[in-house]
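# Fold and contact review
For reference, the chains in residue letters:
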Amino acid sequence: MDDFSLNAPDMDLQDQASTSVDVIQTLDLTKRYGMRAKKSVLAVDRISFAVKQGQVFGFLGPNGSGKTTTIGMLVGIIMPTGGSFRLFGNSDSRGLTAARARVGATLETPNFYPYMSGRDNLRIVAAIKGVNRSRIKECLALVGLSRRAKHRFKTYSQGMKQRLALAAAMLNDPELIVLDEPSNGLDPQGIREIREIIHTLAERGKTIFLSSHLLVEVERTCSHVAIIRDGRIIKWGPVAEMVGEGNAVLLRSEDIDVLLGAMEAYPDATSVRKTEDGIVVALDSGDLANVTRYLSGQGIYLSLLVPHRPSLEEVFIDVTRDAMDPKTGLAS
């Protein structure tokens, strides 16, 4: 990557987040398309959550879950049909206009003039935002594009295009940065570069609201997360709590299928699933001695029993499975 020199150290983002001020606050925020049509679409369904100052907040969900629609409402390009939201404590029209001047945002697909250079594209953005051009050099350096500033946008790789979009979002030195799928379509190197930029912005005290369907990347990048599916918030909170909650164990025995059947019938098991490493069981309590007694009573002896820390991907699968109606396959 050309002249990219952030060298962001490993950091505990949870420790970086202040919990004093709500930068974003939604209350039953709703968007329905085609309200007068017979077949209207409920894209966002009464979602409520808060993003506090200094957090890197992941808005996590599959494609079509309502992430981009929510962002559109927050930045003012989509009108809500119900509920409300606040930016920096403002909810009325005049207050939201002033608050959005403190926000920088990127859309999923960067949109620049292909035959103009990266720098000239940023000059146009700066003029639209009423920002001094002196910010352009700093923002290009921030995203590692100083050496390619004079090159035409059409010659940029997808990762460079995403980084130019980040530079454009940073021109007004925003307090809140809203990123819609910033790593979408990137190769592993491009994803890492975007992650390092986000870490650097977090170190500088920026609040970041990041939508994504890349679960592993959200876990690496974010301090807090909300999981949305079919327009509804299923769960939200600190990432550390989500992946650390519960009493999960990894079990292994000689006959893995017999073990699976036994644990599915175990009264204290709240969820049981087979993995490449064995059987992962979430328990109501941490009484592992009772587990071994139960299994030995059925002639099953374990070769492995260790605590299991679930990934955010596993949490996502569990909570979205719980949110589905088993009869219809739809969100309950």
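Higher on the page you've got the structure.
Counting restarts for each chain, with residues numbered from 1 along the sequence as it is written. It should be noted that, the model being predicted, local features are given only for residues of pLDDT at least 70 and side-chain atom pairs only at 80 or more, the latter also being counted only at that level, while totals for whole chains, interfaces and linings use all residues. Only hydrogens and water are removed before side-chain values are computed, so all heavy atoms of the structure are retained for them.

### Focus: the overall build of the protein
- Within the protein one finds 12 helices and 13 strands.
- Only protein chains enter the accessibility calculation, which uses a 1.4 Å probe; a residue whose area is less than 20% of its type maximum is buried, one above 50% is exposed, and one in between is partly exposed. Of all 332 residues assigned to the protein, the portion counted as buried reaches 46%.
- Sequence-distant contacts in the protein: of pairs separated by 6 or more residues, those separated by 24 or more amount to 70%. Only DSSP runs of H or I covering at least 4 residues are called helices, and only runs of E covering at least 2 are called strands; the numbering of each starts at the N terminus. We call two residues in contact whenever any of their non-hydrogen atoms come within 4.5 Å of each other.

### So, unusual backbone geometry
- Backbone geometry at Phe88 places phi at a positive 50°, although glycine is not the residue there.
- Position of Phe88 relative to the elements: it lies in the loop between β4 (82-87) and α3 (93-100).
- Of note, Asp173 is a non-glycine position whose phi angle comes to about 50°, a positive value.
- The topology assignment puts Asp173 in the loop between α6 (158-170) and β6 (176-180).

### Observations concerning the sheet that holds strand β2 (residues 41-52)
- The pairing criterion is simple: DSSP has to find at least two bridges between the two strands. Taken in spatial order, the three strands line up as β2-β1-β4 in an open sheet, and their pairing is antiparallel. The sheet is open, and its two edges are formed by β2 and β4, each paired on a single side. If you compare each strand with its neighbour and ignore which way they point, the axes differ by 15° on average.
- Both strand β1 (residues 22-33) and β4 contribute to a ladder of five bridges, which runs antiparallel. Bridge pairing in β4 links Gln25 to Arg86.
- In this fold helix α2 (residues 67-75) packs onto β1, β2 and β4, with an angle of close to 115° to the strand it touches most, β1. Each axis is a line fitted through C-alpha atoms, and for a helix only the stretch in contact is used; angles between axes span 0 to 180 degrees, taken between their N-to-C directions.

### Comments concerning the pattern of salt bridges
- The rule for a salt bridge is simple: a side-chain nitrogen of Lys or Arg has to be within 4 Å of a carboxyl oxygen of Asp or Glu. Applying the stated criterion to the full structure yields 12 salt bridges.
- Across the pair Arg135 and Glu138 runs a salt bridge whose closest N-O atoms are separated by 3.0 Å. Of this pair, Arg135 and Glu138 both sit in helix α5 (residues 134-142), three residues apart, which is roughly one turn of that helix.
- Residue Arg135 is classed as buried on the basis of its relative accessible area, which comes to 15%.
- Owing to a relative accessible area of 44%, Glu138 belongs among the partly exposed residues under this scheme.

### Some details on the sheet that holds strand β13 (residues 302-307)
- Pairing within the open sheet is antiparallel, and its four strands lie in the order β11-β12-β10-β13. The open sheet has two free edges, formed respectively by β11 (269-274) and β13, since each of these has just one partner strand. With strand direction ignored, the average angle separating the axes of adjacent strands in the sheet is 20°.
- With five bridges connecting them, β11 and strand β12 (residues 279-283) associate as antiparallel partners. What sits directly across from Arg273, in β12, is Val280.
- With respect to the sheet, helix α11 (residues 288-296) is in contact with β10 (247-253), β12 and β13, its orientation differing from that of β13 by roughly 160°.

### Focus on the packing of aromatic side chains
- Pairing of aromatic rings covers Phe, Tyr and Trp, the last counted by its six-membered ring, and requires centre-to-centre distances within 6.5 Å; plane angles under 30 degrees mean stacked, over 60 mean edge-to-face, and any other angle means tilted. For the structure on display, the rule yields eight aromatic pairs.
- Note on Phe49 and Phe57: the rings are 5.6 Å apart at their centroids and 20° apart in plane angle, and the pair reads as stacked. Considered together, Phe49 and Phe57 belong to a single accessibility category, that of buried residues.
- An angle of 5° between the planes, with centres 5.9 Å apart, marks the rings of Phe49 and Phe209 as stacked.

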